[in-house]
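# A closer look at the structure
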Amino acid sequence: GAEMRRVTLPADSSRGGVLTDGSVLVVTSNPDRTSPVKRGLFILDNILGTPAPPPPGNVPALEVAEKDFKDHEPTLREALTLHREKPLCASCHERMDPLGLAFENFNALGMWREQERNQPINTAGKLITGEAFDSVRELKQLLVTKHRLDFYRCLTEKFLTYAVGRGMEYYDTETIDKIVQRLDKENG
């Protein structure tokens, strides 16, 4: 029907929550393909509160790396792996790519898929903090458990920025810490 209603998902569903919502998956994609970089940046900036610096101006498009593959059409994971071999690119992409690649089962429109370019999709990764995951479900579980304080801090800073109409300053730290502690106590 046309009306909103609650949908119950199976316990093993990869859907659920903001990160696998179609609108987030679409906005963090390119028009013609997914973008693990945009998806990873979204999580770093809006969930963990640790945005990556802007890329240097002379970084070639990812499609340039694809030309190095002569025997097959590479997956995004393969192209990003080649891109990360450049030291200038590696420092940021090691943080972003595993996060974004976890969502590769969702195409640019947020629809589920099992393959990319006739190859099975590998969603496994490892966070820069060392925790490994095999799927988007496991990544979301890591974010909810081991990185919940990062999320609480990020959300608190964004809400306070909106509420007071300015960026956070050093003297806001005590207030932010108290809110994060309260959120952790109420939700932990």
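Values in this document were obtained by computation on a predicted structure and should not be read as measured data.

## Here we look at unusual backbone geometry
- A positive phi angle, close to 50°, is found at Arg 117, a residue other than glycine.
- Checked against the element boundaries, Arg 117 lands in the loop between strand S1 (115-116) and strand S2 (119-120).
- Assessed through its relative accessible area of 32%, Arg 117 is described here as partly exposed.
- We note that Asn 118 has phi near 60°; this positive angle belongs to a residue other than glycine.
- Summarising the element assignment, Asn 118 is placed in the loop between S1 and S2.

## Points about the nonpolar core
- Judged by nonpolar contacts, the single largest core of 19 residues is most densely connected at Ile 43, Phe 103, Leu 139 and Leu 143.
- For this core, the secondary-structure elements that each account for two or more residues are helix H2 (36-48), helix H5 (87-101) and helix H6 (136-145).
- If you look at the next biggest cluster of nonpolar residues, it comprises 5 residues, including Leu 62, Leu 76, Leu 80 and Leu 101.

## Section: the environment of Ala 61
- Position of Ala 61 among the secondary structure elements: in the loop between H2 and helix H3 (62-66).
- For Ala 61 and Ile 43, which are 18 residues apart along the polypeptide, the C-alpha to C-alpha distance reads 22 Å.

## Some points on the pattern of salt bridges
- As enumerated under the stated definition, the model contains 9 salt bridges in all.
- For Asp 177, the salt bridge identified is with Arg 153, shortest N-O distance 2.5 Å. One end of the pair, Asp 177, is in helix H8 (residues 173-187); the other, Arg 153, is in helix H7 (residues 148-164), and 24 residues separate them in sequence.
- Using a relative accessible area of 25% as the deciding quantity, one classes Asp 177 as partly exposed.
- Of the residues examined, Arg 153 reaches a relative accessible area of 29% and is grouped as partly exposed.

## Digging into H7
- Along its 17 residues, H7 runs 24 Å from first to last C-alpha, staying within 8% of the 24 Å computed at 1.5 Å per residue.
- Downstream of H7 by one or two residues, Gly 165 has phi in the positive range, about 75°.

## Remarks on the confidence of the model for the protein chain
- Averaged over all residues, the pLDDT of the protein chain is 92; the fraction at 70 or higher stands at 100%.
- Per-element confidence in the protein chain ranges from a low mean pLDDT of 76 for H3 to a high of 98 for strand S4 (residues 132-133).

Thresholds, definitions, all that
- Residues numbered from 1 in each chain as written.
- Predicted model: local features only at pLDDT ≥ 70, side-chain atom pairs only at ≥ 80, totals over all residues.
- Heavy atoms only, no water.
- Helix = DSSP H or I, 4+ residues; strand = E, 2+ residues; numbered from the N terminus.
- Buried < 20%, exposed > 50% of the residue type's maximum accessible area, 1.4 Å probe, protein only.
- Core = buried A, V, L, I, M, F, W, Y, C linked by side-chain atoms within 4.5 Å.
- Salt bridge = Lys/Arg side-chain N within 4 Å of Asp/Glu carboxyl O.
- Expected span 1.5 Å × (residues − 1).
- pLDDT = per-residue confidence, 0-100.

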